[in-house]
Amino acid sequence: MKISKVIEIDSIIKTYKNEGFETNVLKGISISIGEGDYVSVIGPSGSGKSTLMTILGCLSQATSGTYLLDGEEVGKLRDSELSRIRNEKIGFVFQAFHLLPGVSAFDNVMMPLIYCNKTPADAKERVKQVLIRVGLEHRMAHTPGQLSGGEQQRVTIARSLINNPKIILADEPTGNLDSKNGAEIMSAFDHLNAEGRTIIIITHNPIVSEHARRILTLRDGQIVSDEINENFKESRAGIARAAVK
Amino acid sequence: MRILKNLGQALRGLQLNKANTFLMTLGIMIGIASLTVIVAIGEGTKSKVLNRIANMGFGPESFSVYSGAGRLFFGRNRNTTSMTLQDVDDIRAMPGVAIVVPRQRKRMRIINKKEFTTTRVYGVSPEWQPARQWEVVDGEFFNDTDMDRKRKVIVLGNTPAHKIFGEMDPLGKKIRVGQVFFEVIGLLETKGLTESGYDPDDRALIPLTTSMSRLFRQTHLHSIKVVSTNSEAVGQTMEGVTQVLRRNHGLSPLADDDFRFVTPEGIMQWVTESEQALNRMLLLISTVSLLVGGVVIMNILLVSIRERIREIGVRRCFGARRGDITQQFLFESVLVSLLGGAMGSSLGWVLSSSLNHFDLLPAKITWDPFVLAFGFSMIVGLIFGIHPARKAARLSPDETIR
């Protein structure tokens, strides 16, 4: 099966300068990720996972190397262009949720639409639809403080979906959740991937990474392994079973 | 419209951070409140003075010339005796002069049996009444015959009449002024206290000839009131009066005038000048408090940006541009400043009304301070909001969500 590439990065190097010292965090990383792929990036802390995520998410730019996102070279774009790309092509899910405090689930999901160049006319209907998809139609008016951790993370998933992005970037999405809620969130990702979404999950939790079709292992700023997950089918079977129940 | 959406986010931001919002408004509120009060007092003083001038019977076509050098009501030398009826006759002969009223004046005790009070006793000619346009409500004003015969008749203002007669009718009664008995022939219409507390009704009037020969026993005048035929000629008339008086008083060209003019403009100017020092002080206070208010807004916003660094990061992650963040925080500071301005205006309005209500200071509420408040708070919000707003926008998105 030939799949078109959503992400193609080549020889990415990221160097941080701090008080005269240069730290090489990423030392030449090349990955290509196809549309509909389900990738997890694992590695010990300090291996460069988070830095890779900020680059993939267009939150920062590589010191050198090229990055094609959906066929567009983003390495040299201006800040406002990067904002547009984040808005249109990337949906973020964070470990600490990062919902706007005191703001209803509905408005939190609505937030990315504020920064569209043209807010869609059916914005409210779309917000409703994604909240229904994550099973929160009865919690739309609740603020993050009134929601459980699992519900909050489902709001962030809804928020990441609102602009129909090319990729969903999740950084330790279950890190702040208990195992039951964590499993629920992961099954939500599984379903999204089954619908054809490209998902990239950064984690150090093997249970989480086992959900992905492809596992990238990072160590000291380099990819040390890139393999197909043997257990992938099995975990999908597990979901299917859960769905039947 | 993106800018409107950022405005909406700013409103929500303020709503969610009520404590900060309230603190931010305080400085501006105080600044604008004092500004409002200052302007109200300024306006009030002006209208009080205008009122007072009107009460004094000054139209734009009239002025007074007082004996003795000095300024307005403040003579430097109380013993100047140079102003005489000769001056009056010469001024009356000038072209463009309609009415001339010579006046003598002394504070004296007036007595009705056991009741007594002290009031300003004026010796004037009968033209006083048309010149002042002051009605006699009971009895009548003295006439030329009274003048010619130096009759001992007196017209009372309401204040002394009430003090020594109470509810009794004073007409026809004899009262003693100093050592001389007078018959009360008229009562002046009541004008009422002016806003400054000056009581125009505290006076008694007798014929000038009587005061010269029987009561004050002096020939020199206290002042002369002059009414011109038209208000444009006032300046010219005053120059003419100056020449006449200097000539009559035998002043050498180098000597200072031994008389002084009291004009509506002169009074106005004097009051304005004396209020200016106070106003400058208050203006300084309000400027300083506006500046302090601005700095408070800036600091609280800077702190609030640290608290809300995640919010900024998340907004950036989902597509907010630097400009969006700048706009949002700039809107917050301008809105908060305008809110402070509105609160300050209301507070200033309440304060001004109370000052007026309790007769502490004259204050008149006009639209100007509210327009000023709007403008000033907008400017303060912009000036002191730009730094925090830009700082928030410059935060790099990858660092703000860590």
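Further up the page is the structure itself.
Since the model is a prediction, treat every value here as computed from it, not as a measurement. (Residues numbered from 1 in each chain as written. Chains lettered and ligands numbered in written order. Predicted model: local features only at pLDDT ≥ 70, side-chain atom pairs only at ≥ 80, totals over all residues. Heavy atoms only, no water.)

Considerations on the overall build of chain B
Tallying secondary structure elements over chain B gives 13 helices and 12 strands in all. The C-alpha radius of gyration computed for chain B amounts to 32 Å, which surpasses the reference 21 Å derived for 402 residues by more than 25%, pointing to a less compact arrangement than a globule. Dimensions along the principal axes, computed over C-alpha positions, put chain B at roughly 105 × 55 × 35 Å. Across the 402 residues in chain B, those meeting the buried criterion constitute 51%. (Helix = DSSP H or I, 4+ residues; strand = E, 2+ residues; numbered from the N terminus. Rg over C-alpha atoms; globule rule 2.2 N^0.38 Å. Buried < 20%, exposed > 50% of the residue type's maximum accessible area, 1.4 Å probe, protein only.)

Regarding empty space enclosed by the protein
Enumeration according to the criterion identifies 2 cavities of 30 Å³ or more in this entry. For the largest cavity, the calculated volume is near 70 Å³. Every residue lining the largest cavity is counted, 14 residues in all, and those nearest its centre are Gln61, Ala62, Tyr67, Val74 and Gly75 of chain A. For the lining of the largest cavity, the leading source of residues is strand β4 (residues 64–69) of chain A, giving 4 residues. Tallied by class, the residues present in the lining of the largest cavity amount to 6 nonpolar, 7 polar and 1 charged. Lining the second largest cavity, in full, are Ser83, Arg84, Asn87, Glu88, Tyr115, Cys116 and Asn117 of chain A together with Arg2, Gly319 and Arg321 of chain B. With 4 residues, helix α2 (residues 79–89) of chain A is the single largest residue contributor to the lining of the second largest cavity. Within the lining of the second largest cavity, the residues separate by chemical class into 2 nonpolar, 4 polar and 4 charged. (1 Å grid on protein atoms, 1.4 Å probe; cavity = no way out; pocket = protein on both sides within 12 Å on 5 of 7 lines; lining within 4 Å. Points joined across faces, edges and corners; volume = space filled by probe spheres on them. Nonpolar A, V, L, I, M, F, W, Y, C, P; charged D, E, K, R; others polar.)

With respect to the side chain of Thr210 of chain B
Secondary-structure assignment places Thr210 of chain B in helix α7 (residues 208–215). What makes Thr210 of chain B buried here is its relative accessible area of 0%.

Comments concerning the interface of chain A and chain B
Counting residues at the interface gives 28 residues for chain A and 23 residues for chain B. In total, about 2400 Å² of surface goes out of reach between chain A and chain B, with carbon and sulfur atoms giving 58% of it. Three residues, His98, Ile114 and Tyr115 of chain A, lead the burial of chain A against chain B; their summed loss comes to 28% of the area buried on that side. Remark: the boundary between chain A and chain B carries 3 salt bridges. (Contact = heavy atoms within 4.5 Å. Buried area = accessible area lost by both parts, 1.4 Å probe. Salt bridge = Lys/Arg side-chain N within 4 Å of Asp/Glu carboxyl O.)

Notes on the sheet that holds strand β10 (residues 222–228) of chain A
All names here are of chain A. In space, the 6 strands of this open sheet follow the order β6-β7-β8-β3-β9-β10, with mixed pairing throughout. In this open sheet, the two edge strands, each paired with only one partner strand, are β6 (90–93) and β10. When strand polarity is set aside, the average angle formed by the axes of neighbouring strands in this sheet is 20 degrees. Lying on the sheet, helix α1 (residues 49–56) is in contact with β3 (38–42), β6, β7 (167–171), β8 (198–202) and β9 (214–219); it crosses β7 at an angle near 155 degrees. (Pairing = 2+ DSSP bridges. Axes fitted to C-alpha atoms, helices over the stretch in contact; angles between N-to-C directions.)

Let's talk about unusual backbone geometry
In this structure, Glu172 of chain A takes a positive phi of about 45 degrees despite not being glycine. Inspection of the secondary structure assignment puts Glu172 of chain A in the loop between β7 and α6 (179–194). Even without a glycine there, the phi angle at Gln133 of chain B is positive, about 55 degrees. Its place among the elements puts Gln133 of chain B in the loop between α4 (128–132) and β6 (136–139).

With respect to the packing of aromatic side chains
All names here are of chain B. One pass over the structure, following the stated rule, counts 8 aromatic pairs over all chains. The interplanar angle of 90 degrees and the centroid separation of 6.0 Å between the aromatic rings of Phe259 and Phe261 together place this pair among those described as edge-to-face. Its relative accessible area of 3% is what places Phe259 among the buried residues. Taken together through their ring pairs, the aromatic side chains of Trp128, Trp134, Phe141 and Phe142 make up a single cluster. Sitting over the ring of Trp134, Lys191 keeps its end group 4.9 Å from the ring centre. (Phe/Tyr/Trp six-rings, centres within 6.5 Å; stacked < 30°, edge-to-face > 60°. Lys NZ or Arg CZ within 6 Å of the ring centre and 35° of its normal.)

Structural notes on the environment of Leu156 of chain B
Residue and element names in this part refer to chain B. Counting through the fold element by element, Leu156 comes out in strand β7 (residues 153–156). Sequence separation of Leu156 and Ile185 is 29 residues, and the distance between their C-alpha atoms is 8.3 Å. In contact with Leu156, other than residues within four places in its own chain, are Ile110, Ala161, Phe165, Ile175, Val184, Gly186, Leu187, Leu188, Arg203 and Ala204.

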